[in-house]
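# Structural features, examined
The chain contents come next:
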Amino acid sequence: DEKGEVLARVIVGGGMGRTPTLGSVIQEALPWQHLPTYLDAVLRVYNRYGRRDNAYKARIKILVKAIGAEAFARQVDEEWTLERDGIATVTQAELDRASAAFTDPDAPERPATDAGFDAKRASDPAFARWVSRCVRGHKRPGYRAVTLSLKPTGVAPGDISCEQMDALADLADRYSFGELRVSHEQNVVLADVALADLYELWLGARAHGLATPNIGLLTDIICCPGGDFCSLANAKSIPIAQAIQEAFENLDYLYDVGDLELNISGCMNSCGHHHVGHIGILGVDKTGSEWYQVSIGGSQGNQTSLGDVIGPSFAAEEVPDVVTKLVDTYVEHRTPEERFIDTVRRIGMAPFKARVYGESTKKAEVTHG
Ligand code: SF4
């Protein structure tokens, strides 16, 4: 807040799965000291009134939906009065003790700019391209955060070989204080790389197939294991991701299309986060065959939204063409500053649907149901 105090906004009842729901804010400004007792009150309310009798409904989101977010918040506040300021309230000493386990790396101070980096970026277009997609700013001058893509075409999204893991560990040791993080987008982040080391890091990553410059682009697909590996699947996911990547191999076109998140799940459990993909693809089982339902308009982040299904589902071989038509529609309608998701929000579903189904809409409805 304006006094510099750390406050928490508490959101409950969000989730994906078969009942996708956006969370509801029940606390706008909770002082950090009270987080454990307040969250305990949330769990106690759920434990008392939630559907613990039914495996499919045993979720906070189901209870919040049933009684409403306001009623849920009231119940939590009542419960919280019993334990507020109690023994689980976090003291400054406890915060300091826990914080000691999360120290920043002992990074030497560096100049904010690096002439060698600037020169390489100016003279090597492939390096410049990688920097534009895979390198982000850093709070510390002279450092950057780097995302190494695990999404080259021809490899299951997020897969990495043991040789690549060894190479990655070496790169992390050499360039990022021995630390790397796996992102839920199924890539790897080196969080503290010196600006002056970026070119060497890029060369090393590229030698091991870890420098595909497609972070945030259409081929940076989040994809669950699907029917190739998961016994819960309705349909395969990985071959769909690979077919889409092959259809969009042209990097110049991908860069022109710009930021676009495409997520694929092999069943309603939504491990591939299809509900919040700008384009979401869900594997469905119809009379023993694999079909794919497509949605658009989902988004993670500060402007979270759930996608809407565009219509009847598709056979596997139709999916790349459907994605192409969705992208073509965006390219035709976009304004210069709009991303795919912005255009969907502005013009709505109809133009995308018309392009995908066209005259065959009725036929598709009859065929696929
Ligand atoms: S979404 Fe379904 S198919 Fe994919 S990993 Fe999760 S449970 Fe398995």
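Structure: above.
Right, let's walk through the structure included here. Bear in mind the structure is a predicted one, so any value in this text is a computation, not a measurement.

Secondary structure assignment for the protein yields 14 helices and 11 strands. At a minimum sequence separation of 6, the contacts of the protein that also span at least 24 residues come to 61%. Accessible area of the protein: about 19,100 Å², with a carbon and sulfur share of 51%. Here the protein contributes 38 positive and 51 negative side-chain charges, whose respective centroids are spaced 5 Å apart.

We now examine the sheet that holds strand 3 (residues 135–136). Pairing between sheet strands relies on hydrogen bonds along the backbone, with the strands arranged either parallel or antiparallel. Taken together, four strands build an open sheet; the order of strands is 3-4-6-5 and the sheet is antiparallel. The outermost strands of the open sheet, each flanked by one partner alone, are strand 3 and strand 5 (181–182). Seen against the sheet, helix 7 (residues 162–175) touches strand 4 (143–148) and strand 6 (188–194) and runs at an angle of roughly 25° to strand 6.

Right, let's get into the packing of helix 5 (residues 115–123) against helix 6 (residues 125–134). Axis separation between helix 5 and helix 6 bottoms out at 5 Å; the angle between their running directions is 110°. Between helix 5 and helix 6, the crossing angle belongs to the class labelled roughly perpendicular. Packed against helix 5, whose contacting residues are Phe117, Lys120, Arg121 and Ser123, the element helix 6 presents Pro125, Phe127, Ala128 and Val131 at the interface. A breakdown of the residues in the contact of helix 5 with helix 6 according to their chemical character gives five nonpolar, one polar and two charged.

With respect to spatial proximity, the complete set of residues near the ligand consists of Cys224, Pro225, Gly226, Cys230, Leu232, Ala233, Gly266, Cys267, Asn269, Ser270 and Cys271. Among the residues forming the shell around the ligand, the class breakdown is seven nonpolar, four polar and no charged.

Before going further, it helps to spend a moment on the pairing of strand 1 (residues 7–12). Residues Ala8, Val10 and Val12 point to one face of strand 1 and are all buried, whereas Leu7, Arg9 and Ile11, pointing to the other face, are not buried. In this sheet, strand 2 (residues 24–31) lies alongside strand 1 in antiparallel orientation, the contact comprising five bridges. Residue pairing in the sheet places Leu7 in a bridge with Pro31 of strand 2.

Attention now moves to unusual backbone geometry. Phi angles above zero are rare outside glycine, and Asp85 is one such case at about 65°. If you trace the backbone, Asp85 turns up in the loop between helix 3 (69–83) and helix 4 (92–99). On the basis of relative accessibility, which here comes to 57%, the residue Asp85 falls in the exposed class. Here Phe177, not a glycine, exhibits a phi torsion of approximately 55°, which is positive. By secondary structure assignment, the location of Phe177 is in the loop between helix 7 and strand 5.

Following the sequence through the fold, Thr37 ends up in helix 1 (residues 35–49). Reaching out from Thr37, the side chain makes a polar contact with the side chain of Trp80 at a distance of 3.0 Å. Non-local contacts of Thr37, meaning those with residues more than four positions away in its chain, are made with Trp80, Glu83, Arg84, Ala88 and Thr89.

Below, the discussion takes up the nonpolar core. Ile244, Ile279, Ile281, Val323 and Leu326 are the most contacted members of the largest nonpolar core, which totals 34 residues. For this core, the secondary-structure elements that each account for two or more residues are helix 9 (238–247), helix 10 (251–257), strand 8 (262–265), strand 9 (279–286), strand 10 (289–296), helix 11 (319–333), helix 12 (340–347) and helix 13 (350–357). By residue number, the principal contributor to this core is helix 11, which donates six residues. Apart from the residues within four sequence positions on either side, Ile244 is in contact with Leu218, Ile221, Leu262, Ile264, Ile281, Val319, Pro320 and Val323. The next biggest cluster of nonpolar side chains, apart from the first, holds 25 residues, and it includes Val131, Cys134, Val146 and Leu150.

This part covers the pairing of strand 8. Of the two faces of strand 8, the one carrying Leu262 and Ile264 and the one carrying Asn263 and Ser265 are both buried. Where strand 7 (residues 222–223) lies against strand 8, two bridges are found, and the strand directions are parallel. Counted as the bridge partner of Ile222 is Asn263 from strand 8. Two strands pair when backbone bridges link them, and strand 8 and strand 9 are joined in this way by four bridges, in the parallel orientation. Note that in strand 9 the partner of Asn263 across the bridge is Gly280.

Reading the values: rules and limits
Residues numbered from 1 in each chain as written. Predicted model: local features only at pLDDT ≥ 70, side-chain atom pairs only at ≥ 80, totals over all residues. Heavy atoms only, no water. Helix = DSSP H or I, 4+ residues; strand = E, 2+ residues; numbered from the N terminus. Contact = heavy atoms within 4.5 Å. Areas by Shrake-Rupley, 256 points an atom, 1.4 Å probe, with all protein chains shown as cover. Lys, Arg positive; Asp, Glu negative; His and termini not counted. Charge placed at Lys NZ, Arg CZ, Asp CG, Glu CD. Pairing = 2+ DSSP bridges. Axes fitted to C-alpha atoms, helices over the stretch in contact; angles between N-to-C directions. Parallel < 35°, antiparallel > 145°, perpendicular 65-115°, else oblique. Nonpolar A, V, L, I, M, F, W, Y, C, P; charged D, E, K, R; others polar. Near = heavy atom within 4 Å. Buried < 20%, exposed > 50% of the residue type's maximum accessible area, 1.4 Å probe, protein only. Polar contact = N/O pair within 3.5 Å; in protein donor to acceptor, adjacent residues only side chain to side chain. Core = buried A, V, L, I, M, F, W, Y, C linked by side-chain atoms within 4.5 Å.

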